[in-house]
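Structural characterization, general
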Amino acid sequence: MSLNIATQWGEIPFTVTAADRDPGADLDGYEDIVEISFEAPSGEVFLVGWLMDWDDEKAHDLSLLLSGPGTYRLRYHIRGIEEERCWVDDHYLQIWPAPLHDPAVLKNTDGAFQHLLRSEA
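The structure reproduced in this document is the subject of the present report. Being a predicted model, the structure only gives us computed values, none of them experimental. (Residues numbered from 1 in each chain as written. Predicted model: local features only at pLDDT ≥ 70, side-chain atom pairs only at ≥ 80, totals over all residues. Heavy atoms only, no water.)

In this section: the overall build of the protein chain. Secondary structure summary: the protein chain contains one helix and seven strands in total. In the protein chain, the order of α-helices and β-strands from amino to carboxyl end is β-β-β-β-β-β-β-α. A sequence separation of at least 24 residues applies to 74% of the contacts in the protein chain between residues at least 6 apart. For the protein chain, the accessible area works out to roughly 7900 Å², and carbon and sulfur atoms hold 52% of it. (Helix = DSSP H or I, 4+ residues; strand = E, 2+ residues; numbered from the N terminus. Contact = heavy atoms within 4.5 Å. Areas by Shrake-Rupley, 256 points an atom, 1.4 Å probe, with all protein chains shown as cover.)

See the structure below:
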């Protein structure tokens, strides 16, 4: 799975939270919100840079946020993609245990994001 970000280089401030149930989307705080199901058979999940050679110091282990192996829902909130902005809290990922379900676009207001959605179809 990959997450598109608003800038092409540099460090990205990224907020990740985990909950035991759906924490609810922040519809007022973000321009675009999508969610998908995700299976973690080993219970191990890492957030790493795009096309990055593996580097333990740059990989962010999210495994401790999970309740072990299983199926989860990931909800990705983003703002500032059109401006190629990357401020604190522009990228927000929520994770919680949930059965498999179809991907969903909860909010889509950004032209650049609409282009990404069309290219994925």
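Let's shift gears to the pairing of strand 6 (residues 91-97). Side chains on a regular strand alternate between the two faces of the sheet. Among the seven residues that make up strand 6, six are buried, leaving the element largely enclosed by the rest of the structure. The pairing of strand 1 (residues 15-18) with strand 6 spans four bridges and is classified as parallel. In the sheet register, Thr15 faces strand 6, and the bridge partner there is Tyr92. Looking at chain direction, strand 5 (residues 70-78) and strand 6 are connected through seven bridges and run antiparallel. In the strand pairing of strand 6, Arg75 is matched with Gln94. (Buried < 20%, exposed > 50% of the residue type's maximum accessible area, 1.4 Å probe, protein only. Pairing = 2+ DSSP bridges.)

So far we have only geometry, and geometry alone does not tell us how the molecule works.
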